[in-house]
Protein chains: 4
Amino acid sequence: MNELTILISCPDQVGLVTNITRILAAHQLNIIAMREFVDEANKAFFTRIACTGELKDTNLLEEKLLETLPDAAEVNVITRKEKQIAVLVTKEYHCLAEILIKNQFKTLGANVQCVIGNYESLRNFSEKLGIPYFFVDHNNKEKAQFEAEIKEILNHFDLDYLVLAKFMRILSADFVKDYAGKVINIHHSFLPAFIGANPYKQAFERGVKIIGATAHFVTDHLDEGPIITQHTTHIDHNFSVKDMVRAGKEIEKKVLLEALELIFEDRVFVSGNKTVIFK
Amino acid sequence: MNELTILISCPDQVGLVTNITRILAAHQLNIIAMREFVDEANKAFFTRIACTGELKDTNLLEEKLLETLPDAAEVNVITRKEKQIAVLVTKEYHCLAEILIKNQFKTLGANVQCVIGNYESLRNFSEKLGIPYFFVDHNNKEKAQFEAEIKEILNHFDLDYLVLAKFMRILSADFVKDYAGKVINIHHSFLPAFIGANPYKQAFERGVKIIGATAHFVTDHLDEGPIITQHTTHIDHNFSVKDMVRAGKEIEKKVLLEALELIFEDRVFVSGNKTVIFK
Amino acid sequence: MNELTILISCPDQVGLVTNITRILAAHQLNIIAMREFVDEANKAFFTRIACTGELKDTNLLEEKLLETLPDAAEVNVITRKEKQIAVLVTKEYHCLAEILIKNQFKTLGANVQCVIGNYESLRNFSEKLGIPYFFVDHNNKEKAQFEAEIKEILNHFDLDYLVLAKFMRILSADFVKDYAGKVINIHHSFLPAFIGANPYKQAFERGVKIIGATAHFVTDHLDEGPIITQHTTHIDHNFSVKDMVRAGKEIEKKVLLEALELIFEDRVFVSGNKTVIFK
Amino acid sequence: MNELTILISCPDQVGLVTNITRILAAHQLNIIAMREFVDEANKAFFTRIACTGELKDTNLLEEKLLETLPDAAEVNVITRKEKQIAVLVTKEYHCLAEILIKNQFKTLGANVQCVIGNYESLRNFSEKLGIPYFFVDHNNKEKAQFEAEIKEILNHFDLDYLVLAKFMRILSADFVKDYAGKVINIHHSFLPAFIGANPYKQAFERGVKIIGATAHFVTDHLDEGPIITQHTTHIDHNFSVKDMVRAGKEIEKKVLLEALELIFEDRVFVSGNKTVIFK
């Protein structure tokens, strides 16, 4: 008996659940958990089905499902295997450490293939935990060149996702397009507040009583990709910018790791500029 | 086109979702949202299905569903109508006020038929908001007599639920049995901590850093019925018992109203001594 | 023995706490609780001192304190008495109801003198709870005229604060200046996100995973006054704009009432465009 | 200019703050922040004062303060230096990793001198991060012998605190007495709920909707020492015991690290069986 996760998205129409479940029954698959959502504004249907059974041919099941579904349906039958990821960093350790610790103890739900940094700061730590570290300097070169060097490294691995764990360089639209839907970033504010540079300084100056962080897919609009997870924490007048940064790091790593867990468990759909998440 | 909610619970077996959805399709019902849960420990299956369609005969649909389901299945096809409730109180106003305000502005999801109190304290307020208030004195009489007087009043109404909104008398097993699964209580601690009397005093003495509240169905084991909702809030050494009571009231009304909303929207199943809640 | 609260703000310098406490000791005042904060950026010192004692002359104490403090110090010796407030509303009941219920049961820490609305919607409810309701139509007149009519009503009362409890008209700079530091507003977003109209619609379109609310003092820059309290709550893809509005109302009333409690207990200083709050 | 933290606890009486601040002024110390609390039930006064100045002799200041304070006063003038700690573990990595990562990047506020484990499971990880690991087997020996072996190791270091980071052996009253007020434990429930073994299993069986964790000082009453920090998180019917354990680990590490930060910054007093914490 295998465990399967089936992800389907398609234009909404009457009878989708019935048609889908009938096909699963015909394949002797037993539904363990099923979630669905209809995005009324976009007339789009999403479902995530966890099931068990003796499936011989996932391609065949995908075909059978596609036959019964409207055109433009996307079907993905996933047999559980761990995702492969690369992590991009600059100097801050807190998100990277959280990822590498969970990787080390096999609780990340993914395998970290490598860490790429535009400083050497985190090499020592990464290597101690057995992860190859690649330094790509961003100084004295065009962004295209910088990104070409990163891609050169990435191409050595078969990767499902790139995680920007406080990577402080803005990626070009070209780069993002090459990894569409595969790049996850942690932004250090509760977006859309404090878009752009120095969000904690902005927060300090505005005198807000909460700060937060946002994990989102990267698109070519800076800080505007589909939001996956967000959390906030209370602060008060005693917090300097430095205190905010310190409190913010705890939120950042929590938000990023929560997003990664959802993604690695195949619970996240992108619908337009939003996410549909079946927890 | 009507909106229906279908609640089903039964022993778990292979193919339940497929069988259920096939019958719904045969009745031209379109599934809007479907949630299900298998309680592995008790091999019990629960589902809540929201659908739309032109259903002529809810009894017939229930029969057809029962035919396809294991013995001991419970099926409930609900066409939306507001629940009818009575509220039992003692002296504290905060939960009652929250209920009566939402009742007044038609956002409770239920109609308050009456308030019953073992003091006169809340008569004036209830009547201002147009709700009949019945005083049942508990002094100088047996509990059986006290409860008989309450039942006498309740019998004048066709009630779905009794809400104990800080009703500080313990109901007898006999009373609870007569309203099994229909009595909701708000307890002023995060159960199972601080069972029994004076939970805030207990919390003060223990020096906890969080207090909470619990909404639960009432069973004949005091403070041990199935939990519906809980919330907590942080406190510190500055909090006197009185401060805890004040902070606790805010949690209590939040927890109770959240529980009521879930119940009135038919989202809550009881499974043994636990609840299954489809949010 | 009386209870006093002493509020002091002044330019920071060495020895302030020592000088202040010496004077209090000379007046036989016993310090129960003392909080202080130095705003390093603005070199400003703030303290709130709760004390007990037999003070005959609060003016004399203020003078003695001013003598020992730097120029531009503000000293306020407060003997506890309830604040007087007016509440301005439009059509939504949830914040007003929370205020009037606490007013009714004497747990607001202030007395509501009147409610002023630019619709008649909430007259009935306000009057049921014994509070005079004044309707001021905003249609077919200049804003200056509209505000003059409101002021005419306000002038009949001796008011400490105006509470905008979902009052959906923007007040002019002139009006705000007349009540500087006295007008508290509840904004239905976690500012500075979603400034302006329809924040929940903006939140829906952006696909955020948290929504929030902000209580702030009103200045002549819309939605940019000093923030007093903020809270957030998680939402997900299932939330329609309507669902967000419903969830948001619960946050709004919590945030506003928390802000009012802090203000009515003399715990809030304004420092530039921020607040310093001694909880 | 040095930074000092002064901790004072003593029986409460009139004029304490004035007397204390007068002595600080006489030593040319400038108060940056001052917090105080009176435990009314026990008539006990606590204060934490952060100040700056050129203090030559901390002992002299302590003497001067003691002279002016009631008998039984405790005065502690602390010049900032990092605490030294040992960490005791069993098999679970999550709390240890959080501590060692922060230790590695110098953000713990303390130096980890060694890790002691009753299994070998965490040796490799600790040593990778440069921390000596000592294995003390608990099998086939008396508890007194087991603890003697631990003490033998601890005696090689000059330690301020012992941190039980999911150390699953119960320490004897004798051991605890030797390290009174120095042993911090993380308990995997929101105490006092689910005291004892298998709290997550207990939580699962009770069907609670929140789980939590508690950091506390260890006394010779199991799970009943003074509570430092607690947090909770929501769960639902979908959570198996295993899911609760996973969610619980995130809370446990958050709660423990928050407690350690407070302790390492000298913000925590013990008052009877409670803590007074000046955040």
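Residues numbered from 1 in each chain as written. Chains lettered and ligands numbered in written order. Predicted model: local features only at pLDDT ≥ 70, side-chain atom pairs only at ≥ 80, totals over all residues. Heavy atoms only, no water.

Enquirer: If you had to explain the relation of the copies chain C and chain A to someone new, which residues and values would you point to?
Expert: Screw-axis analysis of chain C against chain A gives a translation of 0.0 Å along the axis, an RMSD of 0.0 Å, and a rotation angle of 180°. Taken together, the turn and the small shift mark the pair as related by a two-fold rotation axis. The C-alpha atom lying nearest the rotation axis in chain C is that of A193 of chain C; the distance is 2.2 Å. With an isologous cut-off of 70% or more, the 100% of interface residues of chain C that recur at the interface of chain A puts this contact in the isologous class. (Least-squares fit on C-alpha atoms with pLDDT ≥ 70 in both. Contact = heavy atoms within 4.5 Å.)

Enquirer: Tell me about the sheet that holds strand β1 (residues 2–11) of chain B, and name the residues and values.
Expert: Residues and elements named next belong to chain B. Read across the open sheet, the four strands follow the order β2-β3-β1-β4; overall the sheet is antiparallel. The sheet is open, and its two borders are formed by β2 (30–39) and β4 (74–79), each paired with just one other strand. For this sheet the average axis-to-axis angle between neighbouring strands, irrespective of direction, equals 10°. Bridge count between β2 and strand β3 (residues 44–53): nine bridges; the pairing is antiparallel. (Pairing = 2+ DSSP bridges. Helix = DSSP H or I, 4+ residues; strand = E, 2+ residues; numbered from the N terminus. Axes fitted to C-alpha atoms, helices over the stretch in contact; angles between N-to-C directions.)

Enquirer: Could you give an account of the UniProt feature "active site" (unreviewed entry) in chain A, with specific residues and numbers?
Expert: Sites flagged by UniProt as "active site" (unreviewed entry) map to D223 of chain A. Structurally, D223 of chain A is set in the loop between β10 (210–217) and β11 (227–234). Those residues within four positions of D223 of chain A in sequence are excluded, and the remaining contacts are H187, L191, I195, G196 and H216 of chain A together with R206 of chain C. Within the structure, the side chain of D223 of chain A is placed 3.0 Å from the backbone nitrogen of G196 of chain A, a separation counted as a polar contact. (UniProt positions renumbered as here; feature names shortened; annotations may be inferred. Polar contact = N/O pair within 3.5 Å; in protein donor to acceptor, adjacent residues only side chain to side chain.)

Enquirer: Before we move on, can you summarise the interface of chain C and chain A with the specific residues and values?
Expert: Facing the 31 residues of chain C at the interface are 31 residues of chain A. Summed over both partners, the interface of chain C with chain A buries about 2700 Å², with 57% contributed by carbon and sulfur atoms. Counting every contact that joins chain C to chain A gives zero salt bridges. Taken together, the links from chain C to chain A amount to 20 residue pairs in polar contact (both at pLDDT 80 or more). Contributing elements (two or more residues each) for the side of chain C that touches chain A: α7 (199–206), β11 (227–234) and β13 (274–277) of chain C. A total of seven residues in the side of chain C that touches chain A trace back to one element, the largest contributor, which is β11 of chain C. (Buried area = accessible area lost by both parts, 1.4 Å probe. Salt bridge = Lys/Arg side-chain N within 4 Å of Asp/Glu carboxyl O.)

Enquirer: Before we move on, could you go through the interface of chain A and chain D and cite the residues and values that matter?
Expert: If you look at the interface, chain A gives 17 residues, while chain D gives 17 residues. Here chain A and chain D share an interface that buries about 1600 Å² over both sides, 53% of which is from carbon and sulfur atoms. Here chain A and chain D share eight salt bridges between them. On the surface where chain A and chain D come into contact, there are ten residue pairs in polar contact (both at pLDDT 80 or more). When contributions to the side of chain A that touches chain D are tallied by element, the ones reaching two or more residues are α3 (94–104), α4 (123–128) and α8 (241–264) of chain A. The element that contributes the greatest number of residues to the side of chain A that touches chain D is α3 of chain A, accounting for five residues. Taken together, the residues of the side of chain A that touches chain D break down into seven nonpolar, two polar and eight charged. (Nonpolar A, V, L, I, M, F, W, Y, C, P; charged D, E, K, R; others polar.)

Enquirer: Please provide a residue-by-residue account of the sheet that holds strand β7 (residues 133–135) of chain C, values included.
Expert: Strand-to-strand pairing in sheets goes through backbone hydrogen bonds, with the strands running parallel or antiparallel. Residue and element names in this part refer to chain C. Strand order in this open sheet of seven strands is β7-β6-β5-β8-β9-β10-β11, and the pairing throughout is mixed. The open sheet terminates on both sides in strands that have one partner only, identified here as β7 and β11. Between one strand and the next, the sheet's axes are offset by a mean angle of 20°, whatever the strand orientation.

Enquirer: Describe helix α2 (residues 58–68) of chain B, with residues and values.
Expert: All names here are of chain B. Of all the positions in α2, only L61, E62, L65 and T68 are classed as buried. The buried residues of α2 occupy one face: seen down the axis, they fall within an arc of 130°. Looking at the buried positions of α2, the neighbouring elements they touch are β1, α1 (16–26) and β4. The opening residue of α2, the one whose side-chain oxygen lies 3.0 Å from the backbone nitrogen of N59, is D57. (Buried < 20%, exposed > 50% of the residue type's maximum accessible area, 1.4 Å probe, protein only. Arc of directions from axis to C-beta.)

Enquirer: Outline helix α5 (residues 143–154) of chain A, listing residues and values.
Expert: All names here are of chain A. Taking 1.5 Å per residue as the helical rise, α5 with its twelve residues ought to reach 16 Å, and the 16 Å between its terminal C-alpha atoms agrees with that figure. Turning to α5, its buried residues number three or more, namely F146, E147, I150, I153 and L154. For α5, the buried positions fall inside an angular range of 115° around the axis, keeping them on one side. (Expected span 1.5 Å × (residues − 1).)

Enquirer: Run through empty space enclosed by the protein, naming residues and quoting values.
Expert: Summed over all chains, the structure comprises two cavities of 30 Å³ or more. There is about 50 Å³ of room inside the largest cavity. Lining the largest cavity are Y93, H94, A97, E98 and K253 of chain A together with E98, I101 and K102 of chain D. Among the secondary structure elements, those contributing two or more residues to the lining of the largest cavity are α3 of chain A together with α3 (94–104) of chain D. Classifying every residue of the lining of the largest cavity gives three nonpolar, one polar and four charged. Roughly 40 Å³ of volume is contained in the second largest cavity. Around the second largest cavity, the lining residues are H188, S189, F190, F194, P199, Y200, A203, I211 and G212 of chain A. Every element with two or more residues in the lining of the second largest cavity is listed here: α7 (199–206) and β10 of chain A. (1 Å grid on protein atoms, 1.4 Å probe; cavity = no way out; pocket = protein on both sides within 12 Å on 5 of 7 lines; lining within 4 Å. Points joined across faces, edges and corners; volume = space filled by probe spheres on them.)

Enquirer: Would you mind going over the UniProt feature "domain: ACT" (unreviewed entry) in chain A in detail, with residue names and values included?
Expert: Within the UniProt annotation, "domain: ACT" (unreviewed entry) is assigned to residues 5–80 of chain A. Between the C-alpha atoms that bound residues 5–80 of chain A there is a distance of 8 Å. The span itself is 29% helix and 43% strand.

Enquirer: Go over the packing of aromatic side chains, please, and point to the residues and values.
Expert: Following the criterion strictly, the structure yields 38 aromatic pairs over all chains and no others. A centroid spacing of 3.9 Å and a plane angle of 5° characterise the contact between F105 of chain A and Y93 of chain D, whose relative ring orientation is stacked. Residue F105 of chain A is found in the loop between α3 and β6 (110–117), and its partner Y93 of chain D is found in the loop between β5 (83–89) and α3; the two belong to separate chains. Here the aromatic rings of F146 of chain B and F167 of chain B are separated by 6.3 Å at their centres, their planes lie at 10°, and the arrangement is stacked. Of the two residues, F146 of chain B sits in helix α5 (residues 143–154) while F167 of chain B sits in the loop between β8 (161–164) and α6 (173–178), which places them 21 residues apart along the sequence. Like F146 of chain B, the residue F167 of chain B is buried in the burial classification. Taken together through their ring pairs, the aromatic side chains of F190 and F194 of chain A together with F190 and F194 of chain C make up a single cluster. A cation sits over an aromatic face here: K91 of chain B above Y119 of chain B, 4.4 Å from the ring centre. If you follow K274 of chain B out to its NZ or CZ, it ends over the ring of F204 of chain D, 3.3 Å from the centre. (Phe/Tyr/Trp six-rings, centres within 6.5 Å; stacked < 30°, edge-to-face > 60°. Lys NZ or Arg CZ within 6 Å of the ring centre and 35° of its normal.)

Enquirer: Help me get a handle on the packing of α7 of chain A against α8 of chain A, residues and values and all.
Expert: Residues and elements named next belong to chain A. Running from N to C, α7 and α8 point in directions that differ by 125°, and their axes come no closer than 9 Å. Relative to α8, the element α7 lies oblique. Crossing of α7 against α8: the hand is right-handed. Across the interface between the two elements, Y200, K201, A203 and F204 from α7 touch V241, M244, V245, G248, K249 and E252 from α8. In the contact of α7 with α8, the residues fall into six nonpolar, one polar and three charged. (Parallel < 35°, antiparallel > 145°, perpendicular 65-115°, else oblique. Left-handed = near helix turned anticlockwise from the far one by under 90°.)

Enquirer: Kindly report on the pairing of strand β9 (residues 183–187) of chain B, identifying the contributing residues and their values.
Expert: Residue and element names in this part refer to chain B. For β9, the tally of buried residues reaches five of five residues, placing the bulk of the element in the interior. Burial along β9 is two-sided: V183, N185 and H187 and I184 and I186, pointing in opposite directions, are all buried. Here β8 pairs with β9 via three bridges, running parallel. The residue bridging V163 from the neighbouring strand is I184, located in β9. Of the strand pairs in this sheet, β9 and strand β10 (residues 210–217) are connected by four bridges, and their pairing is antiparallel. Across the sheet, residue H187 finds its bridge partner in β10, namely T214.

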